[in-house]
Amino acid sequence: RHLTTDDLEMYNALLRYAFQVTEQELTETGWRDDEIKQSKFPVLERADVLGCFDGDNLISQIAVYPLDMNIYGATRSIGFVTSVCTYPEYTGHGILMRLSLEDMREKKQSFAMLFPYSIPLYRRFGYEIISNKISYTVKDRQIPSKAQAPGYVRRVGWENRDFMDLHAKFASITHGCLYRNALAWEEYWRWDEDDTAVAVYYNVTGEPSGYMVYLIKDDIMHIKEMIYLNHEAHDGLWEFIRAHDSMIDEVHGNSYFNE
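Residues numbered from 1 in each chain as written. Predicted model: local features only at pLDDT ≥ 70, side-chain atom pairs only at ≥ 80, totals over all residues. Heavy atoms only, no water.

Chemist: Report on the overall build of the protein, specifying residues and quantitative values.
Modeler: Scanning the protein for helices and strands turns up nine helices and 11 strands. Its C-alpha atoms give the protein a radius of gyration of 20 Å, within 12% of the compact-globule value 18 Å for 259 residues. Seen through its C-alpha atoms, the protein measures out along the principal axes to roughly 65 × 45 × 35 Å. Looking at the protein as a whole, 42% of its 259 residues qualify as buried. Within the protein, residue pairs in contact and separated by at least 24 positions form 68% of the contacts whose partners lie at least 6 positions apart. Carbon and sulfur atoms make up 50% of the accessible area of the protein, which amounts to about 14700 Å² in all. Positive and negative charge centroids in the protein, built from 26 and 40 side chains respectively, lie 5 Å apart. (Helix = DSSP H or I, 4+ residues; strand = E, 2+ residues; numbered from the N terminus. Rg over C-alpha atoms; globule rule 2.2 N^0.38 Å. Buried < 20%, exposed > 50% of the residue type's maximum accessible area, 1.4 Å probe, protein only. Contact = heavy atoms within 4.5 Å. Areas by Shrake-Rupley, 256 points an atom, 1.4 Å probe, with all protein chains shown as cover. Lys, Arg positive; Asp, Glu negative; His and termini not counted. Charge placed at Lys NZ, Arg CZ, Asp CG, Glu CD.)

Shown next, in the form of structure tokens:
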């Protein structure tokens, strides 16, 4: 059956067990267990969450976020699958995956998307890879030399409209990019540390055209996300990174390449 906020305790317990979220990890990211439970209310209220029970005990669950995605320039409704977990003694049946796909079909969601822990497993259900993730490390001595970007960078808050609107604009011109609604943004920040920062690049007329989300920790700049609408914004953001060269030894980040 579909889970509700009344199932919060069981939902959270299964998540914690399956993904091995420890108290130490919660402490390091600034969360308390009661805050984690409270944060899951929007998921149970706004996402389609199916649960499988053995008697009164929740044994398996899957959450599907209703989102929109740019597919070759057209906006399509999709189901973003997450929180797929089952207690080990009940694994191997695939019941909820089949039911969730049927549910998405009825809601006319054109695609189902997820980040798989096992590619062969999800291929059995008809999934296929659409994007490759490349992780990179840049040493401080490898950071590009001073770029000629005439604009400027400003650090802004997590809910800054320039930042959030930039992502929507980027999604509108980028195949394979998800549009982020309120629930998606809440999930985006779920496990980030308080020191995670956002920097926006503005051109000389004050128009935002790129941003990066990053965290500096243990002399490493971890870039969670960097997007830019033009080469000028790309150069401006790298110049902002270069300005930190006395504070960091390395830059870590990821890029995604759609097939």
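That shown, we press on.
Chemist: Before we move on, can you summarise empty space enclosed by the protein with the specific residues and values?
Modeler: According to the stated counting rule, one finds one cavity of 30 Å³ or more in the structure shown. Lining the largest cavity are Asp 48, Val 49, Leu 50, Ile 62, Val 64, Ser 100, Asp 103, Met 104, Lys 107 and Gln 109. Mapped onto the lining of the largest cavity, the elements with two or more residues apiece are β1 (48–54), β2 (57–71) and α5 (95–106). Of the residues in the lining of the largest cavity, the class split is five nonpolar, two polar and three charged. (1 Å grid on protein atoms, 1.4 Å probe; cavity = no way out; pocket = protein on both sides within 12 Å on 5 of 7 lines; lining within 4 Å. Points joined across faces, edges and corners; volume = space filled by probe spheres on them. Nonpolar A, V, L, I, M, F, W, Y, C, P; charged D, E, K, R; others polar.)

Chemist: With reference to specific residues and values, describe α5.
Modeler: In a regular helix each residue adds 1.5 Å, so 12 residues correspond to 16 Å; α5 covers 17 Å between its end C-alpha atoms and thus fits that length. For α5, the full list of buried residues reads Leu 96, Met 97, Ser 100, Asp 103 and Met 104. Along the long axis of α5, the arc covered by the buried residues comes to 125 degrees, so they all point the same way. What points out from α5, more than 90 degrees from its buried face, is the exposed set Arg 105 and Glu 106. The elements touched by buried residues of α5 are β1, β2, β3 (74–86), β4 (111–113) and α6 (119–123). (Expected span 1.5 Å × (residues − 1). Arc of directions from axis to C-beta.)

Chemist: Quick one: what's the story with the nonpolar core, residue by residue and with numbers?
Modeler: Core analysis: the biggest nonpolar cluster contains 23 residues, and Tyr 11, Val 43, Val 49 and Tyr 65 have the highest contact counts within it. Mapped by element, the contributors of at least two residues to this core are α1 (8–18), α4 (41–46), β2, β3 and α8 (182–188). No other element matches β2, which puts six residues into this core. Membership of the second largest hydrophobic core comes to 18 residues, among which are Ile 143, Met 221, Ala 233 and Ile 248. (Core = buried A, V, L, I, M, F, W, Y, C linked by side-chain atoms within 4.5 Å.)

Chemist: Can you explain helix α9 (residues 231–242)? Please cite residues and give values.
Modeler: In this model, α9 (12 residues) spans 16 Å end to end at C-alpha, consistent with the 16 Å of a helix rising 1.5 Å per residue. Turning to α9, its buried residues are Ala 233, Asp 235, Gly 236, Leu 237, Trp 238, Glu 239, Phe 240 and Ile 241. Among the residues of α9, the N-terminal cap falls to Asn 230, whose side-chain oxygen and the backbone nitrogen of Glu 232 are separated by 3.3 Å. (Polar contact = N/O pair within 3.5 Å; in protein donor to acceptor, adjacent residues only side chain to side chain.)

Chemist: Describe the side chain of Glu 239, and please don't skip the residues or the numbers.
Modeler: With respect to the secondary-structure elements, Glu 239 resides in helix α9. Within the local environment of Glu 239, its side chain forms a polar contact with the side chain of Arg 242, the two groups lying 2.8 Å apart. Not counting residues within four places of it along the chain, the set of residues in contact with Glu 239 comprises Lys 146 and Ala 147.

Chemist: Run through the pairing of strand β8 (residues 197–202), naming residues and quoting values.
Modeler: The buried fraction of β8 is high, at six of six residues. Neither face of β8 is open: one carries Ala 197, Ala 199 and Tyr 201, the other Val 198, Val 200 and Tyr 202, and all of them are buried. Strand direction decides the pairing type here: strand β6 (residues 152–156) and β8, joined by five bridges, are antiparallel. Note on β8: the bridge partner recorded for Val 156 is Val 198. Of the pairings in the sheet, the one linking β8 to strand β9 (residues 208–217) comprises six bridges and is antiparallel in character. Opposite Ala 197, over in β9, you have Tyr 214 as the bridge partner. (Pairing = 2+ DSSP bridges.)

Chemist: Any chance you could break down the confidence of the model for the protein for me, citing the residues and the numbers?
Modeler: The predicted coordinates of low-pLDDT regions are not to be read in fine detail. Chain-level statistics for the protein give a pLDDT mean of 86 and a share of 90% at 70 or above. This model gives residues 23–39 a pLDDT under 50, and the stretch forms 26 contacts once residues within four places in sequence are excluded. (pLDDT = per-residue confidence, 0-100.)

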